[in-house]
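Analysis of the macromolecular model
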Amino acid sequence: MAGRGRPRTFDRAAALRDAMTVFWEHGYDGAAMADLTRAMGINSPSLYAAFGSKEELFREAVALYEQTEGAAAMAALTAGPTARAAIVGALRANAVAYTEPDNPRGCMIVLAATTYTDRSQAVRDHLAERRRGMEGLFRARVERGIAEGDVPAGADAAGVAAFYNAVMQGMSVQARDGASRATLVAVAERADAAWDVVTG
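Because the structure is predicted, anything quoted here is derived from the model rather than measured.

A separate point is the layout of surface pockets. Roughly 300 Å³ of internal volume is contained in the largest pocket. Surrounding the largest pocket, 18 residues form its lining, E66, I109, R130, M134 and M168 being those nearest its centre. Secondary-structure elements contributing two or more residues to the lining of the largest pocket are α4 (54-68), α5 (71-79), α7 (108-111), α8 (121-148) and α9 (157-176). In terms of residues, the lining of the largest pocket owes the most to one element, α8, which gives five residues. The residue inventory of the lining of the largest pocket, partitioned by class, reads ten nonpolar, five polar and three charged.

Have a look at this one:
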């Protein structure tokens with residue numbers, strides 16, 4: 001017979017994925033502890049025992065999001081033979097990812113803490129760092145393109161990266177507002193068409 005008070009076992013990985021979905025849908029501040037524990041199938045003491053705090057749970061959820069939902073865009077960015085193909089490929093991959101019917105729409109990292117309170121400033125700063133990190137990857141890919149000759153030598157790598165990162169973040173907001181996959185793919189195609197102007 002099980003001892004009284006023994007905590008119920010649970011699948012930590014599955015619970016984390018469920019928490020990720022709640023944060024993705026409701027944002028950090030909007031995700032109440034009751035929402036999280038209900039989705040994860042555990043009580044508050046078990047949540048704190050397994051993850052430490054709501055903020056630590058959120059940070060793990062962000063890492064999981066990057067490893068799973070963000071994987072296709074990162075693969076496209078890595079595999080593209082030119083800077084243009086890599087960056088536009090990431091936009092196209094996100095047009096699909098942001099509109100998957102079984103997931104919340106848009107990008108968790110873009111949307112989960114665009115508003116914040118004093119209590120959640122650390123979360124806002126963490127996500128801002130992740131968003132700047134993506135822009136940094138775009139910039140590095142443009143700089144590589146300059147070095148390899150597929151981007152004009154005089155191109156402003158920082159400016160190009162900022163532009164395409166802004167397009168990507170805007171696509172996330174449009175997805176949350178209900179834009180279709182076809183609409184977002186068309187945005188990615190127009191961003192591709194703009195490449196020569198943006199890098200010129």
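Let us keep going from here.
Our next topic: the confidence of the model for the chain. With 94% of its residues at a pLDDT of 70 or more, the chain has an overall mean of 93. Low pLDDT, under 50, characterises residues 1-6; the predicted model gives this stretch zero contacts beyond four residues in sequence or across chains.

Here we take up the side chain of E69. Secondary-structure assignment places E69 in the loop between α4 and α5. With a relative accessible area of 15%, E69 lands in the buried category. Among the polar contacts listed, one links the side chain of E69 to the side chain of N103, at a separation of 3.2 Å. Excluding residues within four positions of it along the chain, E69 makes contact with R17, M20, W24, L64, A97 and N103.

This paragraph deals with the nonpolar core. Core analysis: the largest hydrophobic core is formed by 57 residues, its most contacted members being F23, L36, M40, L57, F58, M108 and F138. Setting aside its immediate chain neighbours within four residues, F58 contacts F23, Y28, M108, A112, V123 and L127.

With that out of the way, let us pick up the packing of aromatic side chains. Applying the stated criterion across every chain yields a total of six aromatic pairs. Residues F23 and Y28 carry aromatic rings whose centres are separated by 6.0 Å and whose planes lie at 15 degrees to one another, so their mutual orientation is stacked. As far as the burial class goes, F23 and Y28 line up, both buried. Judged by centre distance (4.9 Å) and plane angle (85 degrees), the ring pair of F23 and F58 falls under edge-to-face. Pair noted here: F23 is in helix α1 (residues 12-30) and F58 is in helix α4, with a separation of 35 residues, a long-range link.

Analysis parameters
Residues numbered from 1 in each chain as written. Predicted model: local features only at pLDDT ≥ 70, side-chain atom pairs only at ≥ 80, totals over all residues. Heavy atoms only, no water. 1 Å grid on protein atoms, 1.4 Å probe; cavity = no way out; pocket = protein on both sides within 12 Å on 5 of 7 lines; lining within 4 Å. Points joined across faces, edges and corners; volume = space filled by probe spheres on them. Helix = DSSP H or I, 4+ residues; strand = E, 2+ residues; numbered from the N terminus. Nonpolar A, V, L, I, M, F, W, Y, C, P; charged D, E, K, R; others polar. pLDDT = per-residue confidence, 0-100. Contact = heavy atoms within 4.5 Å. Buried < 20%, exposed > 50% of the residue type's maximum accessible area, 1.4 Å probe, protein only. Polar contact = N/O pair within 3.5 Å; in protein donor to acceptor, adjacent residues only side chain to side chain. Core = buried A, V, L, I, M, F, W, Y, C linked by side-chain atoms within 4.5 Å. Phe/Tyr/Trp six-rings, centres within 6.5 Å; stacked < 30°, edge-to-face > 60°.

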